[in-house]
Amino acid sequence: MSEISRVTAADLDALLPLMRAYCDFYEVSPPDDALLALARALIADPEREGLQLLARRDGEAVGFATIYWSWATTIASRIGVMNDLYVVPAARGTGAAEQLIRACAAECKHKGAAELTWQTAPDNERAQRVYDRLGAKRSQWIDYSLGVIQ
């Protein structure tokens, strides 16, 4: 069983290697300063921006999740977008991912959000099994992105 808590400034040294490993998994490489700035922005304003949760097992950081607050017109309600979910390979299969998702859902409920939403890569079958086991509904939307900063 992992201990789940909101990330604070005192957790940044433990959080950064997890954020870096998450980015490595997706083959992207934002600078550490930018990752820390993101975490600090969430710590500074969790009510408007969002928050991060940290999973610890025997005192060691083993995973994190990031929720951003948004709205969904299709349900006319606030939602939480779980933008990031990462568990170190050694802690996969221990229930840490499920605990992080449940903690994210609890944060959404506390915020008054109607749903917790997220996405995963089509080939991330291990993660999909976790989501299916939790009773999450699969969506058929196709994602696009458009860069706006040159």
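Just above, that's the structure.
> Now, about the pairing of strand 2 (residues 50-57): what can you tell me, with residues and values included?
In terms of burial, strand 2 is a largely internal element, six of the eight residues being buried. Bridge count for strand 1 (residues 3-6) against strand 2 is four bridges, and the pairing is antiparallel. Bridge assignment links Ser-5 to a residue of strand 2, and that residue is Leu-54. Pairing analysis gives eight bridges linking strand 2 to strand 3 (residues 60-72), with the strands arranged antiparallel. Paired with Leu-54 across the bridge in strand 3 is Phe-64. Turn length for the strand 2-strand 3 hairpin, with the two strands adjacent in sequence and antiparallel, is two residues, and the turn residue Asp-58 shows positive phi of about 55°.

> With reference to specific residues and values, describe helix 2 (residues 32-44).
Compared with the 18 Å implied by 1.5 Å per residue over 13 residues, the 18 Å span of helix 2 between its first and last C-alpha is a close match. Residues of helix 2 that are buried make contact with helix 1 (12-25), strand 2 and strand 3.

> Can you lay out the environment of Pro-89 for me, pointing to particular residues and giving the numbers?
Position of Pro-89 among the secondary structure elements: in the loop between strand 4 (77-87) and helix 3 (96-111). Given the relative accessible area of 54%, Pro-89 is considered exposed. Along the chain, Pro-89 and Gly-63 lie 26 residues apart, while their C-alpha atoms are 9.5 Å from each other.

> Can you lay out the sheet that holds strand 3 for me, pointing to particular residues and giving the numbers?
The strand order across the open sheet formed by five strands is 1-2-3-4-5, and the pairing between neighbours is mixed. Of all the strands in the sheet, the pair left with one neighbour each is strand 1 and strand 5 (115-117). With strand direction ignored, the average angle separating the axes of adjacent strands in the sheet is 30°. Contacts from helix 1 reach strand 2, strand 3 and strand 4, with the element oriented near 70° to strand 3.

> Could you give me a rundown of the layout of surface pockets, with the residues and numbers involved?
Estimated volume of the largest pocket: approximately 1300 Å³. Put simply, the parts of the chain that give the lining of the largest pocket at least two residues each are strand 4, helix 3, strand 5 and helix 4 (125-133). For the lining of the largest pocket, the residue count by class is 18 nonpolar, eight polar and six charged. Of the voids in this model, the second largest pocket is the one considered here, and its volume is about 580 Å³. Lining the second largest pocket are 28 residues; nearest its centre among them are Leu-85, Tyr-86, Asn-124, Ala-127 and Tyr-131. Of the residues contributing to the lining of the second largest pocket, the split by class is 15 nonpolar, seven polar and six charged.

Calculation notes
- Residues numbered from 1 in each chain as written.
- Predicted model: local features only at pLDDT ≥ 70, side-chain atom pairs only at ≥ 80, totals over all residues.
- Heavy atoms only, no water.
- Buried < 20%, exposed > 50% of the residue type's maximum accessible area, 1.4 Å probe, protein only.
- Helix = DSSP H or I, 4+ residues; strand = E, 2+ residues; numbered from the N terminus.
- Pairing = 2+ DSSP bridges.
- Expected span 1.5 Å × (residues − 1).
- Contact = heavy atoms within 4.5 Å.
- Axes fitted to C-alpha atoms, helices over the stretch in contact; angles between N-to-C directions.
- 1 Å grid on protein atoms, 1.4 Å probe; cavity = no way out; pocket = protein on both sides within 12 Å on 5 of 7 lines; lining within 4 Å.
- Points joined across faces, edges and corners; volume = space filled by probe spheres on them.
- Nonpolar A, V, L, I, M, F, W, Y, C, P; charged D, E, K, R; others polar.

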